[in-house]
Amino acid sequence: MIKSYRGKLILLMVLALSLVQLGSSFATLQVIRNLSEEQASQSVKVGSKILREGLEQKEAQYRSATQVLVSDFGFKSAIATEDRPTIATALENHSRRINADLVLLLNNSLERLLSAPVVSAQEVERLVEGSQDFYRNGSAFSRNLVINEEPYMIVFAPVKAPTTVAWVGMGFLLDKDVAEETKQITGLDVGFVAMSGSRATLNTTIDEPSIEHYFESQVSPHEQGQQQSILGLSRLESDDLLFVSELSSPTESAKLYSFMYVSSNSWLKRYYELRNYQLWVFLGALLVAIGVAIWLAKEVSRPVEKLVRFARRIGKGESSKAPQVKTKELSLLSSTLQQMNVDIKQRQEEIVYNNTHDMLTGLANRNAAEQYLKRLLDKGRGTLIILNIKKFRLINDSIGYANGDLILKAIAKRLTGTLPKDVFKARLASDEFLIAADYDICKLFAEQLLPALQQGINIDDSQVNVYVNAGVYYLNNRSQTINDMLRCADIALSKAKRSADSFVLYQQGQDENYQRQLHIIGIFEESMADGSMYLEYQPKVNLNSGQCTEAEALLRWQDKELGFISPEEFIQLAELSGNIRAVTNWVIEEVIKQIILWQAKGLSLRVSVNISVDDLLDKGFRFIVRSLLEKYSINPRCLSFEITESVIMSDPELAVESMNIFKDLGISIAIDDFGTGYSSLSYLKKVPASELKIDKSFVIDFDNNEEDRMIVETSVELAHSFGMKVVAEGVETESCLQQLKTFGCDLGQGYFFTRALRANDFEAWCEKFNSNTVLTD
Amino acid sequence: MKTKLAIKSLYVGLLGVIGLAVKASGLSVTVVDAQQQPIADVVVELLPEKLDEQPAQADSNLSQDFHEIGQKNRTFVPFISAVTVGSEVDFPNYDKTRHHVYSFSEAKTFELKLYVGRPDTTIRFNKAGIVAIGCNIHDYMQAYIYVGGSPWLGKTTASGVVSFEELPKGTYQLNLWHPWQLDSFEQQQIVLDSETKDISITFHIEEKEKPSPPDNKWQDLFKDIQ
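Here the structure is a predicted model, which means the values were calculated and not measured.

## Comments concerning the overall build of chain A
(1) Moving on: When you go through chain A residue by residue, the secondary structure sums to 28 helices and 26 strands.
(2) Moving on: Relative to the globule expectation of 28 Å for 777 residues, the C-alpha radius of gyration of chain A, 67 Å, shows a markedly less compact shape.
(3) Moving on: A principal-axis box enclosing the C-alpha atoms of chain A has dimensions of 200 × 75 × 50 Å.
(4) Moving on: Sorting the 777 residues of chain A into buried and exposed places 48% on the buried side.
(5) Moving on: Contacts spanning at least 24 positions in sequence make up 63% of the contacts within chain A whose residues lie at least 6 apart.
(6) Moving on: As presented, chain A carries roughly 40100 Å² of accessible surface, and 52% of it is formed by carbon and sulfur atoms.

Shown next as structure tokens:
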């Protein structure tokens with residue numbers, strides 16, 4: 001459809017005009033058409049009268065001419081004496097004189113005596129039949145008759161001698177010439193029609209097949225019912241008008257008609273002229289209307305175009321003045337656009353602000369920080385300090401997120417309050433802030449900001465103490481990207497988190513270590529699959545029986561590129577990167593498989609696995625363990641989890657809950673590295689452990705250190721009093737072993753027996769060990 | 001002269017017949033139309049079929065009439081004449097204008113070309129029949145002569161009556177004629193004895209005016225000439 005205003009306007013104008021014009025034209029043309037038709041009808045009627053009058057005149061002429069003949073005494077004499085040769089010549093002579101086309105001589109009994117051209121006796125009988133009264137009257141008369149299928153006007157005159165002795169008929173053919181005479185007067189086409197049987201003979205001034213067809217259709221037998229309608233005015237198929245009069249008498253069986261004819265072309269001529277004229281007027285008006293529509297459309301579209309340009313400038317953010325528009329509606333639109341311009345600018349500012357500012361604290365956000373750091377990078381000098389609130393998660397958990405937000409706000413306030421304006425301040429993540437400047441701000445940070453930050457924050461009338469870690473990075477020419485800069489500061493921060501210091505300066509090499517760690521994190525999964533990560537088993541020997549009954553599974557990693565990776569390093573990385581669960585799962589599954597293998601070989605061992613803090617506190621881990629047990633359907637008593645003291649202390653309640661669940665599953669729990677942490681005895685009481693492993697640091701130096709021996713002895717007693725078995729790690733000497741025995745220690749493990757072995761080696765070792773009792777009393 | 005002679009000879013003939021008659025009877029015929037109105041100028045002829053007696057004498061009124069068809073005011077007078085075979089008729093012209101009297105009838109064809117006054121000859125009608133007489137100058141002029149074979153021939157008077165006297169007894173055929181009669185009359189048989197008979201016959205003719213000259217448009221113009 002048409003979409004433009006101009007198009008619609010034009011369409012509307014054209015439609016409206018067309019409607020009016022066509023309506024009035026139709027009415028006018030209809031009237032003209034009716035008038036023309038009426039006029040044409042009138043003209044054929046009048047023409048018909050003129051024709052009739054003409055025929056009457058003719059008839060009078062013929063009658064008198066015929067009467068002259070019959071009055072001729074010689075002729076009378078010839079008739080009376082039946083002098084045939086004389087009669088014939090007299091008739092012939094006379095008919096030529098008066099231009100008769102047919103001569104008929106009847107005797108007193110109306111029988112044919114003579115005819116030229118030949119008219120059959122039956123035809124004569126038919127001719128006289130309808131005229132008996134005239135004959136009886138004995139005076140001349142005329143008839144219009146069909147003779148020999150041709151239209152004739154025939155005058156009959158009596159031959160009186162002095163009584164009527166014969167009748168002379170003089171026939172005059174109503175032919176084209178006669179019709180032509182009337183046409184000369186009326187200007188209309190004229191014709192005579194003789195109808196005999198189903199034949200129609202037409203003598204006419206116009207050769208028009210439709211007329212002939214009209215008459216023939218009237219006489220055809222199956223349409224006889226319509227014969228009444230032939231007289232008077234009729235309209236032919238092509239709107240031609242035909243006025244038919246009957247010339248013969250109504251009683252006559254062979255009818256003779258005259259007609260006047262007007263073709264539709266001629267009577268509709270004026271109608272067509274007017275129609276063409278109207279058409280031109282219409283076309284003219286149409287052009288004017290379209291012109292007006294275009295002009296009107298322009299009146300509207302010009303200011304619209306102005307507004308469009310204005311809107312485009314708004315879109316591009318160019319400042320410009322709203323155009324002056326006269327039309328009321330468009331002026332409203334103009335002022336609305338103006339207002340929109342203002343609103344857009346305002347919102348744009350808001351967006352820019354939001355884009356560069358942290359919503360919560362009002363400090364710059366990470367985006368803005370990157371922009372700023374880019375400038376620093378260009379300058380090539382400056383200081384970055386990333387701050388992090390210590391244990392913010394715990395704070396959040398204990399005082400709620402809303403209050404956590406208050407703390408963040410308070411810190412931001414202190415940042416802005418303490419540091420000069422030329423120091424850039426941003427909040428990078430939840431509890432991570434960045435301060436940076438193009439000069440050294442370390443001193444400023446240490447002397448002014450840090451003390452300010454250490455002051456307690458008042459939340460709900462209670463003091464919350466907040467401590468921060470900070471990583472400091474000095475920009476140097478090795479800093480290639482913003483990410484590099486941030487990473488270095490982050491590395492320093494991580495270090496600060498792990499150390500007791502509030503802040504750590506980034507040092508060369510830290511970054512390289514970082515890259516190695518990233519690499520390690522990246523290859524965890526493939527290493528588990530390709531066998532570069534594997535398990536070793538260290539035997540736990542029952543000190544009473546001298547048999548190896550248990551083993552500790554230890555994870556080892558021999559990488560093709562990096563070589564041996566220490567468990568301390570990669571376990572920590574696994575915990576950091578979130579890979580620890582996959583690793584633990586893998587270890588447990590491998591151990592279970594191994595247990596099954598050994599059981600098949602008749603080696604029944606309980607194997608313990610080290611469980612990290614993440615695993616223990618992760619509720620999903622419990623389900624994984626349970627499903628593994630179900631999958632391999634092994635006796636859970638073959639499995640033991642070793643959990644370090646520090647793990648338990650990170651979240652004692654959750655840790656105890658998890659341990660209880662594992663215990664319920666049938667897995668025995670051992671407390672690992674006992675003595676290194678700060679475990680309280682009250683927790684120890686709650687922990688559902690069945691084993692206590694004394695850290696090797698207390699055992700290794702056993703021979704020389706009296707204190708260690710006392711700690712171990714006391715620990716064994718303590719454990720036993722809690723109903724736990726005791727395992728001593730780091731058994732390296734015979735004397736140590738003997739000492740542990742005397743303390744009542746239940747199990748021992750260490751190099752004295754063997755270092756950790758791969759499964760096959762372990763198997764062999766165990767078989768040999770258990771068969772030879774190496775232990776001596 | 002010729003006329004008288006002719007009439008005389010007729011008388012002689014008739015006398016011969018009449019002389020045989022012993023006793024005579026009379027017949028009066030009244031011709032009326034459907035409305036019982038008398039019709040004048042109807043020719044009545046008694047044709048003897050079987051006579052019981054000879055006609056006494058030929059003293060028929062008609063036979064003794066002077067046969068003249070004159071032309072007065074461009075009209076034949078009388079319009080209808082009834083004459084017996086052999087009668088001669090004179091056609092005197094009493095008008096100033098000339099007349100050209102003719103007949104093409106089968107009973108008698110003759111022509112008296114343009115003449116004034118009395119023509120040179122009379123016309124003898126020797127054959128029974130009807131003779132239509134016209135004038136070539138004046139088409140409207142018409143007259144009829146009924147030439148009858150019987151001596152008992154007459155035409156009705158204005159009161160529609162014709163009377164025959166001294167008729168021999170016997171059987172007759174009665175015939176009626178008029179140029180305007182609608183049907184041909186069927187002859188009637190009549191038996192006459194000594195008594196005089198009155199009969200009335202209904203006859204159908206077309207009611208018309210007798211031929212008369214039309215108003216002459218030129219009359220005033222030619223007054224001097226006439």
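## Topic: the environment of glycine 187 of chain A
(1) Moving on: Among the structural elements, glycine 187 of chain A can be located in the loop between α6 (176-186) and β6 (189-196).
(2) Moving on: Put simply, glycine 187 of chain A and glycine 47 of chain A are 140 residues apart on the chain and 8.6 Å apart in space, counted from C-alpha to C-alpha.

## Describing the nonpolar core
Residues and elements named next belong to chain A.
(1) Moving on: Core analysis: the biggest nonpolar cluster contains 81 residues, and Tyr537, Ile588, Val591, Phe641 and Leu740 have the highest contact counts within it.
(2) Moving on: Setting aside its immediate chain neighbours within four residues, phenylalanine 641 contacts Ile588, Val609, Ile611, Phe621, Val625, Phe662, Ile667, Ser668, Ile669 and Ala670.
(3) Moving on: Of all hydrophobic cores here, the second largest spans 54 residues; its members include Ala410, Phe424, Cys442 and Leu453.

## Points about the interface of chain B and chain A
(1) Moving on: Taken together, the contact between chain B and chain A spans twelve residues of the former and nine residues of the latter.
(2) Moving on: Around 910 Å² of area is buried between chain B and chain A when both sides are counted, 63% of it from carbon and sulfur atoms.
(3) Moving on: Counting the contacts that link chain B with chain A gives one salt bridge.
(4) Moving on: Where chain B packs against chain A, one counts two residue pairs in polar contact (both at pLDDT 80 or more).
(5) Moving on: Residue composition of the side of chain B that touches chain A, grouped by class: six nonpolar, four polar and two charged.

## Side note on the sheet that holds strand β10 (residues 129-135) of chain B
(1) Moving on: Reading across the sheet, the five strands line up as β5-β11-β10-β7-β8 (chain B) and stay open at both edges, with mixed pairing between neighbours. Of all strands in the sheet, those with a lone pairing partner are β5 (80-84) and β8 (109-115) of chain B, marking the two edges. Going across the sheet, the axis of each strand differs from the next one's by a mean of 20°, ignoring polarity.
(2) Moving on: Two elements, β5 of chain B and strand β11 (residues 142-148) of chain B, share five bridges in a ladder whose sense is parallel. Pairing of threonine 84 of chain B across the sheet is with glycine 148 of chain B, part of β11 of chain B.
(3) Moving on: The strands touched by helix α2 (residues 73-80) of chain A within the sheet are β7 (99-104) and β8 of chain B, with β7 of chain B carrying the most contacts at an inclination of about 20°.

## Quick word on the packing of aromatic side chains
(1) Moving on: A full pass over the atoms with the stated rule returns 37 aromatic pairs over all chains.
(2) Moving on: Between phenylalanine 215 of chain A and phenylalanine 259 of chain A, the ring centres sit 5.7 Å apart and the planes meet at 35°, which makes this aromatic pair tilted. Residue phenylalanine 215 of chain A is found in helix α7 (residues 209-219), and its partner phenylalanine 259 of chain A is found in strand β10 (residues 255-262); the two are separated by 44 residues along the sequence. By the burial criterion, phenylalanine 215 of chain A is buried, and phenylalanine 259 of chain A matches it.
(3) Moving on: Measuring from ring centre to ring centre gives 4.9 Å for tyrosine 102 of chain B and phenylalanine 104 of chain B, while their planes differ by 45°; the resulting arrangement is tilted.
(4) Moving on: Here the basic side chain of arginine 33 of chain A rests over the ring of tyrosine 271 of chain A, its NZ or CZ set 5.5 Å away from the ring centre.

## A short note on the pattern of salt bridges
Residue and element names in this part refer to chain A.
(1) Moving on: A full pass over the atoms with the stated rule returns 38 salt bridges over all chains.
(2) Moving on: For aspartate 133, the salt bridge is made with arginine 136, and the minimal N-O distance between the two is 3.4 Å. Of this pair, aspartate 133 and arginine 136 are both found in helix α5 (residues 132-137), three residues apart, which corresponds to roughly one turn of the helix.
(3) Moving on: Judged by relative accessible area, arginine 136 falls into the exposed class, the value being 63%.
(4) Moving on: Here the salt bridges share partners, and the residues they tie into one network are Lys540, Glu550, Glu552, Arg606, Glu642, Glu691, Lys693, Lys725 and Glu729.

## Looking at helix α23 (residues 652-665) of chain A
One turn of the α-helix equals 3.6 residues, which is why residues spaced by three or four share an orientation.
Residue and element names in this part refer to chain A.
(1) Moving on: In this model α23 runs 20 Å from its N-terminal to its C-terminal C-alpha over 14 residues, within 8% of the 20 Å that 1.5 Å per residue would give.
(2) Moving on: Looking at the buried residues of α23, the elements they touch are α20 (613-617), α21 (619-632), β22 (639-644), α22 (645-650), β23 (668-674) and α24 (681-686).
(3) Moving on: The positive-phi residue at the C-terminal boundary of α23 is glycine 666, with phi of around 110°.

## A word on the sheet that holds strand β4 (residues 150-160) of chain A
All names here are of chain A.
(1) Moving on: The strand order β2-β1-β5-β4-β3 describes an open sheet built from five strands, whose pairing is antiparallel. What marks the edges here is a single partner per strand, and that holds for β2 (112-116) and β3 (141-147). The mean inter-strand angle of the sheet, taken between neighbouring strand axes irrespective of direction, is 20°.
(2) Moving on: Relative to β4, β3 is paired through seven bridges, and the arrangement is antiparallel. Note on β4: the bridge partner recorded for asparagine 144 is methionine 153.
(3) Moving on: Of the strands in this sheet, β1 (102-107), β2 and β3 touch helix α4 (residues 121-129), which is tilted by about 135° from β3.

## Quick look at the layout of surface pockets
Residue and element names in this part refer to chain A.
(1) Moving on: Taken as a whole, the second largest pocket encloses approximately 1800 Å³ of empty space.
(2) Moving on: Looking at the second largest pocket, it is lined by 50 residues, and the ones nearest its centre are Asn108, Pro162, Thr163, Thr164 and Val165.
(3) Moving on: Top element by residues in the lining of the second largest pocket is strand β5 (residues 164-173). It accounts for four residues.
(4) Moving on: For the lining of the second largest pocket, the per-class residue count stands at 26 nonpolar, 13 polar and eleven charged.

## Comments concerning the packing of helix α1 (residues 5-71) of chain A against α2 of chain A
Each packed pair of helices is defined by two parameters, the angle between the axes and the distance between the axes.
Residue and element names in this part refer to chain A.
(1) Moving on: In contact at an axis separation of 5 Å, α1 and α2 are set at 65° when each is read in the N-to-C sense. Residue-level contacts link Leu69, Val70 and Ser71 of α1 to Phe73, Phe75 and Lys76 of α2.
(2) Moving on: The class makeup of the residues in the contact of α1 with α2 is four nonpolar, one polar and one charged.

## What about the confidence of the model for chain B?
Fine structural detail should not be taken from predicted coordinates in areas where pLDDT scores are low.
All names here are of chain B.
(1) Moving on: Residue-level pLDDT values for chain B average 80, and 78% of them are 70 or greater.
(2) Moving on: Segment residues 1-22: pLDDT under 50, and 39 contacts once partners within four positions in sequence are set aside and those in other chains are kept.
(3) Moving on: The low-confidence segment residues 59-64, where pLDDT is below 50, has 16 contacts with residues more than four positions distant or belonging to other chains.

## Focus: the packing of helix α13 (residues 401-418) of chain A against helix α14 (residues 442-454) of chain A
All names here are of chain A.
(1) Moving on: Two elements in contact, α13 and α14, have axes separated by 10 Å at closest approach and are oriented at 150°. Taken together, the axes of α13 and α14 are roughly antiparallel relative to one another. Regarding α13 and α14, the two cross each other, and that crossing is right-handed. In this structure, α13 contributes Ile411, Arg414, Leu415 and Thr418 to the contact, and α14 contributes Gln448, Leu449, Ala452 and Leu453.
(2) Moving on: The class makeup of the residues in the contact of α13 with α14 is five nonpolar, two polar and one charged.

## Description of the pairing of strand β14 (residues 170-177) of chain B
Residues and elements named next belong to chain B.
(1) Moving on: Across the eight residues that make up β14, a large majority, eight, are buried.
(2) Moving on: Bridge analysis of strand β2 (residues 43-51) against β14 gives eight bridges, and the strand direction is antiparallel. Considered in β14, the bridge of valine 43 is made with tryptophan 177.
(3) Moving on: Direction of pairing for β14 relative to strand β15 (residues 188-192): antiparallel, over a ladder of five bridges. Its bridge partner lying in β15, tyrosine 172 is registered against isoleucine 190.

What counts, and where the lines are drawn
- Residues numbered from 1 in each chain as written.
- Chains lettered and ligands numbered in written order.
- Predicted model: local features only at pLDDT ≥ 70, side-chain atom pairs only at ≥ 80, totals over all residues.
- Heavy atoms only, no water.
- Helix = DSSP H or I, 4+ residues; strand = E, 2+ residues; numbered from the N terminus.
- Rg over C-alpha atoms; globule rule 2.2 N^0.38 Å.
- Buried < 20%, exposed > 50% of the residue type's maximum accessible area, 1.4 Å probe, protein only.
- Contact = heavy atoms within 4.5 Å.
- Areas by Shrake-Rupley, 256 points an atom, 1.4 Å probe, with all protein chains shown as cover.
- Core = buried A, V, L, I, M, F, W, Y, C linked by side-chain atoms within 4.5 Å.
- Buried area = accessible area lost by both parts, 1.4 Å probe.
- Salt bridge = Lys/Arg side-chain N within 4 Å of Asp/Glu carboxyl O.
- Polar contact = N/O pair within 3.5 Å; in protein donor to acceptor, adjacent residues only side chain to side chain.
- Nonpolar A, V, L, I, M, F, W, Y, C, P; charged D, E, K, R; others polar.
- Pairing = 2+ DSSP bridges.
- Axes fitted to C-alpha atoms, helices over the stretch in contact; angles between N-to-C directions.
- Phe/Tyr/Trp six-rings, centres within 6.5 Å; stacked < 30°, edge-to-face > 60°.
- Lys NZ or Arg CZ within 6 Å of the ring centre and 35° of its normal.
- Expected span 1.5 Å × (residues − 1).
- 1 Å grid on protein atoms, 1.4 Å probe; cavity = no way out; pocket = protein on both sides within 12 Å on 5 of 7 lines; lining within 4 Å.
- Points joined across faces, edges and corners; volume = space filled by probe spheres on them.
- pLDDT = per-residue confidence, 0-100.
- Parallel < 35°, antiparallel > 145°, perpendicular 65-115°, else oblique.
- Left-handed = near helix turned anticlockwise from the far one by under 90°.

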